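Below, each chain spelled out in residue letters.
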Amino acid sequence: MILVTGGAGFIGSNFVLDWLTQSDEPVINLDVLTYAGNLENLTDLSGDPRHLFVHGDIGNFDLVAKLLADHKPHAVINFAAESHVDRSIHGPEDFIQTNIVGTFRLLEAVRAYWSNLEGESKGSFRFLHVSTDEVYGSLGKDDPAFRETNRYEPNSPYSASKAASDHLVRAYHHTYGLPVLTTNCSNNYGPYHFPEKLIPLVIHNALAGKPLPIYGDGQQIRDWLYVKDHCSAIRRVLEAGRVGETYNIGGWNEKPNLEVVHTLCTILDELSPRVDGKPYEEQITYVKDRPGHDRRYAIDASKIERELGWRPAETFDTGIRKTVRWYLDNQAWVSNVTSGTYRQWLDKNYEARA
Ligand code: NAD
Ligand code: TYD
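The rules behind the values
- Residue positions are given per chain, counting from 1 as you read along its sequence in written order.
- Working convention: letters from A go to chains and numbers from 1 go to ligands, in the order in which they are written.
- This being a predicted model, a pLDDT of at least 70 is required before a residue's local features are given, and a value of 80 or more before pairs of side-chain atoms are given or counted; all residues contribute to the totals for chains, interfaces and linings.
- Computation of side-chain values covers all heavy atoms of the structure but excludes hydrogens and water.
- Think of it this way: any DSSP run of H or I at least four residues long counts as a helix, any run of E at least two long counts as a strand, and we number them from the N terminus.
- With the radius of gyration taken over C-alpha atoms, the globule rule is written as 2.2 Å times the number of residues to the power 0.38.
- A simple rule labels every residue: compare its accessible area, found with a 1.4 Å probe on the protein chains alone, to the largest value its type can have, and call it buried under 20%, exposed over 50%, or partly exposed in between.
- Any two residues whose heavy atoms approach within 4.5 Å are treated as being in contact.
- To be clear on the numbers: accessible area is Shrake-Rupley with a 1.4 Å probe, and residue cover counts the displayed protein chains and nothing else.
- Neither His nor the chain ends is counted toward charge; the positive residues are Lys and Arg and the negative residues Asp and Glu.
- The atom standing in for a charge is NZ when the residue is Lys, CZ when it is Arg, CG when it is Asp and CD when it is Glu.
- Any carboxyl oxygen of Asp or Glu within 4 Å of a side-chain nitrogen of Lys or Arg constitutes a salt bridge here.
- Strands were regarded as paired on the criterion that DSSP finds at least two bridges between them.
- Note on geometry: axes are C-alpha line fits, over the in-contact stretch for helices, and angles between N-to-C directions span 0 to 180 degrees.
- In these notes, residues near a molecule or strand are those with any non-hydrogen atom within 4 Å of it.
- A 3.5 Å cut-off defines polar contacts: any pair of N or O atoms within that distance qualifies, except that in protein one atom must be a possible hydrogen donor and the other a possible acceptor, and neighbouring residues in sequence count only when both atoms are side-chain atoms.

### Overview of the overall build of the protein chain
Across its full length, the protein chain holds 13 helices and 13 strands. Its C-alpha atoms give the protein chain a radius of gyration of 20 Å, within 12% of the compact-globule value 20 Å for 354 residues. For the protein chain, the spread of C-alpha atoms along the three principal axes comes to 65 × 50 × 40 Å. Within the protein chain, buried positions represent 55% of all 354 residues. Considering only intrachain contacts with a sequence separation of at least 6, the fraction spanning at least 24 residues in the protein chain is 81%. Counting only carbon and sulfur atoms, one obtains 50% of the accessible surface of the protein chain, whose full area is about 14,900 Å². Of the side-chain charges in the protein chain, 36 are positive and 47 negative, and the distance between the mean point of each set is 2 Å.

See below:
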């Protein structure tokens, strides 16, 4: 049995779904269901006795302690977080609360549980913390990609809160001996990605005939990884990662945002052409930049390849095509997540950029 936190979000739900196709080992899925948590991501598992969903907060020490005592998982994988940079700029408080205080309380509950384990259960227990490349800050055009030894230089409230959580995880290993693993991954894309992030937002807006907003000059670079590849990397680190180590995970796919948006437009022109026959790229609109916008992220994923033999299975071309197809085939999912409070977010984020 494993305990996954944040398993109703984008990456967490992909992880839980993949885990249960590869293994019969049950999953307890603890998620507080913020705007980003969606049980619809997990409908394929309804009635599956291997999946136990628990509605709750990683910051609730008593709840986590009880779950650990009742189910005795051999690993905890922490995905739960506030994850959107733009939201962290509008309202950092939730990021401090979940990403820092929540991770701290989760670590406390896990430490208490792990301290009382004995023998093999104690030796094989793992706490895997899922983090981001954004903790390393921004790269210049010619800088080498982020390695695990890079200094932490977070620039947004989101990345600062994730950096703080990484430091807590590290400290729990050095101080208390908790057997931790940390992964720092680049930008993910794929099924169940909430359409506040660039790729699903552009697909959604394109099909809805709305503007495709490019922040600033669109030349900011991200290193894109198909979400299923992130999931396989996490499974591999859990299985064979060295305790106390951090592993950078990336797709070797650096792309400027504008190129990503053009690629999406081209695929949509082919798979779901506009009724007026015009190209989707006519909807591209340049808007005011994000404050403190990091210029470039790039991951050097050679450590995980060298030590654990992991490499991504998808190229950007194969992964992005699968992603567009998924969104076209799952319009009901998109309609459900883009109702209600989603619209308020769009007003807040994009009105001031016009
Ligand atoms: P997401 O926002 O889609 O999902 C986060 C999930 O955590 C949601 O289901 C939410 O309900 C849940 N959650 C939030 N606060 C909680 C709390 N206090 N207690 C319990 N559950 C809570 O995020 P994501 O994109 O799936 O990211 C998952 C993790 O991966 C995060 O830690 C993020 O920092 C990290 N990460 C994301 C990316 C990316 O490109 N999306 C890249 C690298 C790392
Ligand atoms: P995002 O998906 O929010 O991920 P992150 O900020 O964690 O990298 O954004 C990816 C890139 O796309 C980032 O450089 C900001 C940019 N972006 C836009 O240009 N327009 C948008 O509407 C959004 C949401 C993002």
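Structure shown, so let's carry the discussion forward.
### Looking at the pattern of salt bridges
Considering all chains together, one arrives at 23 salt bridges under this definition. Lys66 serves as the salt-bridge partner of Asp70, at 2.6 Å between the closest nitrogen and oxygen. Residue Asp70 and its partner Lys66 are both found in helix H2 (residues 61-71); the two are separated by 4 residues, about one turn of the helix. For Asp70, a relative accessible area of 47% corresponds to the partly exposed category. Between Glu239 and Arg236 there is a salt bridge, and its shortest N-O distance comes to 2.4 Å. Pair noted here: Glu239 and Arg236 are both in helix H8 (residues 227-240), with a separation of 3 residues, about one helical turn. Residue class for Glu239 comes out exposed when judged on its relative accessible area of 62%.

### So, the sheet that holds strand E6 (residues 180-185)
Strand order in the open sheet made by the 7 strands is E3-E2-E1-E4-E5-E6-E11, with parallel pairing throughout. Both outer strands of the open sheet, strand E3 (51-55) and strand E11 (246-249), are each paired with one neighbouring strand and no more. Across the sheet, the axes of successive neighbouring strands diverge by a mean angle of 20 degrees, strand direction being ignored. By the bridge criterion, 4 bridges tie strand E1 (residues 2-5) to strand E4 (residues 75-78) in an arrangement that is parallel. Bridge pairing in E4 places Thr5 opposite Asn78. Across the sheet, H8 is in contact with E4, strand E5 (126-132), E6 and E11; its angle to E5 comes to roughly 145 degrees.

### A closer look at the site of ligand 1
Lining the immediate environment of ligand 1, one finds 28 residues, of which Ile11, Asp31, Ser83, Tyr158 and Lys162 sit closest. At 3.0 Å from an oxygen atom of ligand 1 is found a main-chain nitrogen or oxygen belonging to Phe10. Within the complex, the protein chains bury 96% of what would otherwise be the 830 Å² of accessible surface of ligand 1. For the shell around ligand 1, the leading source of residues is E5, giving 3 residues.

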